Amino acid sequence: LSEDRLGSLLLRAARRAGWAAAAVFFADWLLTAFTWLTWNRRPGLGQDSFLLYALAAREQGVLTLGNDHPLYPLLLSLWATREPAGFTVSKLFSLGYGAATLAAAVGLGASIFGLRAALLAAVLLSVNWVFLSLSMSLRAEVLLPLLFFLSWACAWRGFREDGRWFLAAGAAAGLAT
């Protein structure tokens, strides 16, 4: 084999290994989150308040929030119910939102820093215990990483391209707070 051909083969093997590692870490995140999701069968562990806020928004049209983020209960209020299925659907929403955050880390990161850096960021995020626990329970903070990524990517584009992207960055940051 020529030196160029060997280098090309090694590069392809490294790319495949990177994708395989990312798939393993994502599968681990999904399995761990889904295991907790099925174990966590009823409100409690500080999750009650978000269901109560969502039910108040749905049934009475009011947000009875203290210092909590209003966007998450408003999203939950779209399907909130007093039945156990409402709790399960809400947990599945958090899980899906966590998966979307990992996908955004890859998508947004690849467009700015390249695919390897984006996969590494997604892998590191997937093994972060705080992110994992947010993705498998009812917590308003599950919204923050994705909104932060969107805000940061829009600000990046605002500096690099058109300044109108700063409006989108501000909107995403505003939704996060």
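Quick summary incoming for the structure in this document.

With 19 residues, the main nonpolar core has Phe50, Tyr72, Tyr97, Val142 and Leu143 as its most contacted residues. Of all the elements in the fold, those that place two or more residues in this core are α2 (48–60), α3 (71–76), α4 (84–113) and α7 (144–160). With 5 residues, α2 is the single largest residue contributor to this core. If we ignore the near neighbours within four places in the chain, the residues touching Tyr97 are Val142, Leu143, Leu146 and Leu147. Counting 8 residues, the second-largest nonpolar core is a separate cluster that includes Ala33, Leu102, Phe131 and Leu132.

Quick look at the pattern of salt bridges now. Counting across every chain of the model gives 3 salt bridges. Glu59 is the partner of Arg82 in a salt bridge, and the nearest nitrogen-oxygen pair spans 2.9 Å. On the criterion of sequence distance, the pair formed by Arg82 in the loop between α3 and α4 and Glu59 in helix α2 is long-range, its members being 23 residues apart. Its relative accessible area of 59% is what places Arg82 among the exposed residues. On the basis of relative accessibility, which here comes to 46%, the residue Glu59 falls in the partly exposed class. Here Glu161 ties to Arg157 by a salt bridge, and the two come within 3.0 Å at their closest N and O atoms.

Looking now at the packing of α4 against helix α5 (residues 115–126). In contact at an axis separation of 7 Å, α4 and α5 are set at 155° when each is read in the N-to-C sense. In terms of axis orientation, α4 runs roughly antiparallel to α5. In this structure, α4 meets α5 at a crossing whose hand is right-handed. Where α4 approaches α5, its residues Thr101, Leu102, Ala105, Val106, Gly109, Ala110 and Phe113 are matched on the opposing element by Leu115, Ala117, Ala118, Leu119, Ala122, Leu125 and Ser126. In terms of residue class, the contact of α4 with α5 is built from 11 nonpolar, 3 polar and no charged.

Helical periodicity: at 3.6 residues per turn, an α-helix aligns residues three or four positions apart in one direction. With 12 residues, helix α8 (residues 165–176) should cover 16 Å at 1.5 Å per step; its first-to-last C-alpha distance of 17 Å lies within 8% of that length. Summarising the contacts, the buried residues of α8 are in contact with α7.

Take the side chain of Ser77 next. Structurally, Ser77 can be placed in the loop between α3 and α4. Owing to a relative accessible area of 11%, Ser77 belongs among the buried residues under this scheme. A polar contact of 2.6 Å, which involves the side chain of Ser77, links it to the backbone oxygen of Leu74. What Ser77 contacts, discounting residues up to four positions off in sequence, is Ala54, Ala57 and Arg58.

A few words now on the packing of α7 against α8. Running from amino to carboxyl end, α7 crosses α8 at an angle of 165°, the nearest separation of the two axes being 7 Å. Judged by the inter-axis angle, α7 sits roughly antiparallel to α8. Taken as a pair, α7 and α8 cross one another with a handedness that is left-handed. Each of Leu144, Leu147, Leu150, Ser151, Cys154, Ala155, Arg157, Gly158 and Phe159 in α7 lies in contact with α8, whose residues at this interface are Trp165, Phe166, Ala168, Ala169, Ala172, Ala173, Leu175 and Ala176. Considered class by class, the residues forming the contact of α7 with α8 number 14 nonpolar, 2 polar and 1 charged.

About the cut-offs
- Residues numbered from 1 in each chain as written.
- Predicted model: local features only at pLDDT ≥ 70, side-chain atom pairs only at ≥ 80, totals over all residues.
- Heavy atoms only, no water.
- Core = buried A, V, L, I, M, F, W, Y, C linked by side-chain atoms within 4.5 Å.
- Buried < 20%, exposed > 50% of the residue type's maximum accessible area, 1.4 Å probe, protein only.
- Helix = DSSP H or I, 4+ residues; strand = E, 2+ residues; numbered from the N terminus.
- Contact = heavy atoms within 4.5 Å.
- Salt bridge = Lys/Arg side-chain N within 4 Å of Asp/Glu carboxyl O.
- Axes fitted to C-alpha atoms, helices over the stretch in contact; angles between N-to-C directions.
- Parallel < 35°, antiparallel > 145°, perpendicular 65-115°, else oblique.
- Left-handed = near helix turned anticlockwise from the far one by under 90°.
- Nonpolar A, V, L, I, M, F, W, Y, C, P; charged D, E, K, R; others polar.
- Expected span 1.5 Å × (residues − 1).
- Polar contact = N/O pair within 3.5 Å; in protein donor to acceptor, adjacent residues only side chain to side chain.

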